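Listed below are the residues making up each chain.
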Amino acid sequence: MLDVNYVRENFDLVREKLATRNFDVALLEPFAQLDSERRALVRERDDLNATTNRVSKEIGNLMREGKRDEAEALKAQSKQASERAKEIEARLGGIEEDLRTVLTRVPNLPHESVPAGKDEAANTEARRWGMPRDFAAEGFEPKDHVDIATALGILDLERATKITGARFNVLSGLGAKLERALINFMLDLHTGEHGYREILPPLMVNEATLFGTGQLPKFEEDLFKVRFERDYYLIPTAEVPVTNLHRDEILNGADLPLSYTAYTPCFRSEAGSYGRDTRGLIRQHQFDKVELVKITKPEESFEALETLTGNAEKVLQLLGLHYRVVTLSTGDMGFSAAKTYDIEVWLPSQNTFREISSCSNCTDFQARRAQIRFKREGKNKTELAHTLNGSGLAVGRTWLAIIENYQQADGSVKVPEVLVPYVGVTEIR
RNA sequence: GGAGACAUGGCCGAGUGGCUUAAGGCGGCGGUUUGCUAAACCGUUGUAGGGUGUAAAGCCUUACCGAAGGUUCGAAUCCUUCUGUCUCCGCCA
């Protein structure tokens with residue numbers, strides 16, 4: 001959510017910036033009217049409440065002095081004020097609801113360093129690490145992960161479809177162990193080398209939590225809703241529960257930045273992507289992810305984004321997987337982000353890079369929704385913190401990237417060296 | 001699933017309709033005293049909105065005692081619903 005005062009005072013600039021995000025700026029049209037009406041009504045209501053308070057107090061004093069008749073005479077005056085205040089309160093409620101409807105659906109403002117453009121074509125490549133493996137030189141044609149893993153008996157898509165449906169998968173044997181190895185490897189790296197604290201959060205969250213990180217109210221169709229006494233949703237990413245750890249809190253400035261990492265399964269309905277990535281593990285309704293979250297002071301957040309992205313890249317470097325980092329354009333970024341780097345891993349079967357991590361600085365956008373604030377030492381003012389998150393990494397996609405990039409001519413898969421202690425074997429055959 | 005108790009500020013805790021602007025204590029912050037520390041004493045203390053102010057400060061004002069409604073001239077206090085916590089019983093990994 002954007003700052004109301006900022007929107008009021010910089011309306012044209014806000015409009016202009018939002019237009020670069022493919023946001024329909026016509027939706028902002030009612031803002032000025034609603035905002036000024038709200039303030040007028042608040043003022044009127046508060047004045048009436050002040051009258052009610054003053055007269056009621058007077059009534060109390062008169063009663064105590066035994067002047068019953070005088071007290072009775074004042075009641076009408078007080079009653080009238082409080083009734084009018086209630087009427088205005090009702091109107092105000094409607095206005096605030098409308099204003100909220102507008103503001104909660106407006107995306108974050110892009111940072112000035114973000115390339116302007118309407119879609120992924122405007123993304124810019126920030127850097128590239130490693131080289132694609134030269135299969136031609138090795139004299140064989142790389143297969144895709146479905147063929148390799150199915151043949152090895154470590155991936156079973158057919159049975160997953162039977163027991164659940166499309167876009168689910170069963171890993172078995174060393175396939176399951178490789179997944180678990182990756183999770184442990186990533187968590188050990190981030191907690192041991194990068195200074196993150198490990199969190200194991202709930203996988204179902206309430207509406208307020210999803211509002212805090214920006215999934216609700218606008219993107220409900222992307223989520224799995226659970227039937228229960230009240231609405232719960234399966235988390236689409238650990239960013240949701242972990243960022244919300246500090247919802248409605250005022251943190252001590254000296255404790256910032258906070259760095260958390262969490263492994264969780266993630267659940268996404270993938271509404272609107274029915275034809276896309278239907279083969280294999282790329283796009284699943286349930287997948288594992290190790291997430292990185294940082295809560296920082298405002299002046300530190302963009303540097304923290306570089307650090308966080310670097311922490312995610314380190315995983316790929318240690319695994320020896322070729323990748324590139326892309327700065328998303330204004331039109332390609334997610335709702336809450338002010339700046340996003342996607343990390344894309346090389347997939348030989350597709351002869352291209354595919355997203356394996358998305359690292360975003362959400363500035364104060366989520367913090368305002370979730371009321372994550374802090375106080376600087378010796379200061380009385382509360383300030384909104386900045387929140388960041390990034391995959392470190394998407395485990396399922398890392399799994400398939402390893403299968404494809406480490407495949408051998410005989411159909412076996414070499415285990416990357418850093419994973420050998422975790423998997424217990426040097427190759428999967 | 002059944003029975004009962006409870007929810008007050010950073011923490012403990014008083015407050016059963018108006019003299020509450022939420023007592024008192026602890027903690028925090030500032031100060032006095034002191035060779036230093038401690039103790040003692042004095043002062044101070046939350047969040048959000050609106051108004052005023054060139055800005056900071058300040059000043060005026062509203063709301064907030066788990067949440068949402070209601071009764072009343074007036075609600076922390078009474079009523080309704082919800083949420084959460086605790087205790088006991090049952091069930092359960």
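Residues numbered from 1 in each chain as written. Chains lettered and ligands numbered in written order. Predicted model: local features only at pLDDT ≥ 70, side-chain atom pairs only at ≥ 80, totals over all residues. Heavy atoms only, no water.

Trainee: Help me out: how do you make sense of the overall build of chain A in this one?
Mentor: Broken down by element type, chain A carries 14 helices and 18 strands. With the C-alpha coordinates aligned to their principal axes, the bounding extent of chain A is approximately 105 × 45 × 45 Å. About 20,800 Å² of surface is accessible on chain A, with carbon and sulfur atoms providing 48% of the total. Both charge centroids of chain A, one from 57 positive and one from 67 negative side chains, sit 3 Å from each other. (Helix = DSSP H or I, 4+ residues; strand = E, 2+ residues; numbered from the N terminus. Areas by Shrake-Rupley, 256 points an atom, 1.4 Å probe, with all protein chains shown as cover. Lys, Arg positive; Asp, Glu negative; His and termini not counted. Charge placed at Lys NZ, Arg CZ, Asp CG, Glu CD.)

Trainee: Explanation requested: the protein's contact with RNA strand B in the structure shown.
Mentor: Of all residues adjacent to RNA strand B, which total 27 residues, the nearest are D46, R64, S78, K375 and T382. Those atoms of RNA strand B that come within 4 Å of the protein belong to sugar or phosphate at a rate of 69%. Interatomic distance of 2.7 Å between a backbone N/O atom of S56 and a base nitrogen of RNA strand B. Between RNA strand B and T382, the relevant distance is 2.5 Å, taken from a phosphate oxygen to a side-chain nitrogen or oxygen of the residue. Elements supplying a minimum of two residues to the surface near RNA strand B: α3 (31-64), α4 (68-103) and β14 (372-375). (Near = heavy atom within 4 Å. Polar contact = N/O pair within 3.5 Å; in protein donor to acceptor, adjacent residues only side chain to side chain.)

Trainee: Sorry if this is basic, but what is going on with the sheet that holds strand β8 (residues 249-252) here?
Mentor: Backbone hydrogen bonds hold the strands of a sheet together, and the pairing may be parallel or antiparallel. Pairing is mixed across the open sheet formed by three strands, whose spatial order is β8-β14-β15. At either end of the open sheet lies a strand with only one pairing partner, and these are β8 and β15 (382-384). Sheet twist, expressed as the mean angle between neighbouring strand axes with direction ignored, is 40°. In this sheet, β14 lies alongside β8 in parallel orientation, the contact comprising four bridges. Paired with I250 across the bridge in β14 is R373. (Pairing = 2+ DSSP bridges. Axes fitted to C-alpha atoms, helices over the stretch in contact; angles between N-to-C directions.)

Trainee: Would you take a moment to explain helix α8 (residues 174-192) for this structure?
Mentor: Note on helix geometry: an α-helix contains 3.6 residues per turn, so any two residues three or four positions apart are oriented the same way. Along its 19 residues, α8 runs 25 Å from first to last C-alpha, staying within 8% of the 27 Å computed at 1.5 Å per residue. What α8 keeps buried is the set G175, L178, E179, A181, L182, I183, F185, M186, L187, L189 and H190. (Expected span 1.5 Å × (residues − 1). Buried < 20%, exposed > 50% of the residue type's maximum accessible area, 1.4 Å probe, protein only.)

Trainee: Explain the side chain of D156 to me, please; I cannot follow it from the model alone.
Mentor: Structurally, D156 is set in strand β2 (residues 155-156). When its relative accessible area of 18% is taken as the criterion, D156 is described as buried. One polar contact links D156 to R159, side chain to side chain, over a distance of 2.7 Å. Those residues in contact with D156 that lie beyond four places of it in its chain are N169 and V170. (Contact = heavy atoms within 4.5 Å.)

Trainee: Explanation requested: the nonpolar core in the structure shown.
Mentor: Nonpolar side chains tend toward joint burial in soluble globular proteins. Counting 48 residues, the largest nonpolar core has L182, W399 and L419 as the members making the most contacts within it. If one sorts the elements of this core by residue count, α8 sits on top with eight residues. Setting aside residues no more than four positions away along its own chain, W399 makes contact with A149, I154, L155, L171, G175, L178, E179, L182 and L281. (Core = buried A, V, L, I, M, F, W, Y, C linked by side-chain atoms within 4.5 Å.)

Trainee: Looking at this structure, how should I read the environment of K67?
Mentor: Checked against the element boundaries, K67 lands in the loop between α3 and α4. Residue K67 is classed as partly exposed on the basis of its relative accessible area of 37%. Engagement of the side chain of K67 in a polar contact is seen with the side chain of E65, the distance being 3.2 Å.

Trainee: Honestly, the sheet that holds strand β6 (residues 225-226) in this entry has me stumped. Any pointers?
Mentor: Taken in spatial order, the three strands line up as β5-β7-β6 in an open sheet, and their pairing is antiparallel. The open sheet is flanked by β5 (204-205) and β6, the only strands paired with a single partner.

Trainee: Quick question: what am I supposed to make of the domain arrangement of chain A here?
Mentor: By a widely used convention, the size of an interface equals the accessible area lost when the partners come together. If you check the domain split of chain A, you get domain 1 (4-103) and domain 2 (120-428). The C-alpha centroid of domain 2 is placed 44 Å from the C-alpha centroid of domain 1. Note on domain 1 versus domain 2: buried area summed over both sides is about 480 Å², and carbon and sulfur give 33% of it. When the buried area of domain 1 at its contact with domain 2 is split by residue, T20, R21 and R100 rank highest and sum to 76% of it. In this assembly, domain 1 and domain 2 are joined by zero salt bridges. Where domain 1 packs against domain 2, one counts five residue pairs in polar contact (both at pLDDT 80 or more). Across the side of domain 1 that touches domain 2, the residue classes break down as one nonpolar, two polar and two charged. (Domains from an automatic or database assignment. Buried area = accessible area lost by both parts, 1.4 Å probe. Salt bridge = Lys/Arg side-chain N within 4 Å of Asp/Glu carboxyl O. Nonpolar A, V, L, I, M, F, W, Y, C, P; charged D, E, K, R; others polar.)

Trainee: What exactly am I supposed to notice about the environment of P241 here?
Mentor: By the element assignment, P241 lies in helix α10 (residues 239-243). We classify P241 as buried; its relative accessible area is 8%. Expressed as a C-alpha distance, the spacing of P241 and A401, which sit 160 residues apart in the sequence, is 27 Å. In this structure, P241 is in contact with P201, P202, V205, T209 and I235, ignoring residues within four places of it in sequence.

Trainee: Sorry if this is basic, but what is going on with unusual backbone geometry here?
Mentor: With an omega of 5°, the peptide bond running from L216 to P217 counts as cis. Assignment of secondary structure puts P217 in the loop between α9 (207-213) and β6. Residues L256 and P257 are joined by a peptide bond in cis, for which omega reads -5°. Within the fold, P257 resides in the loop between β8 and β9 (258-267). Phi is positive for D277, which is not a glycine, with a value near 50°. Even without being a glycine, Q371 presents a positive backbone phi close to 55°.

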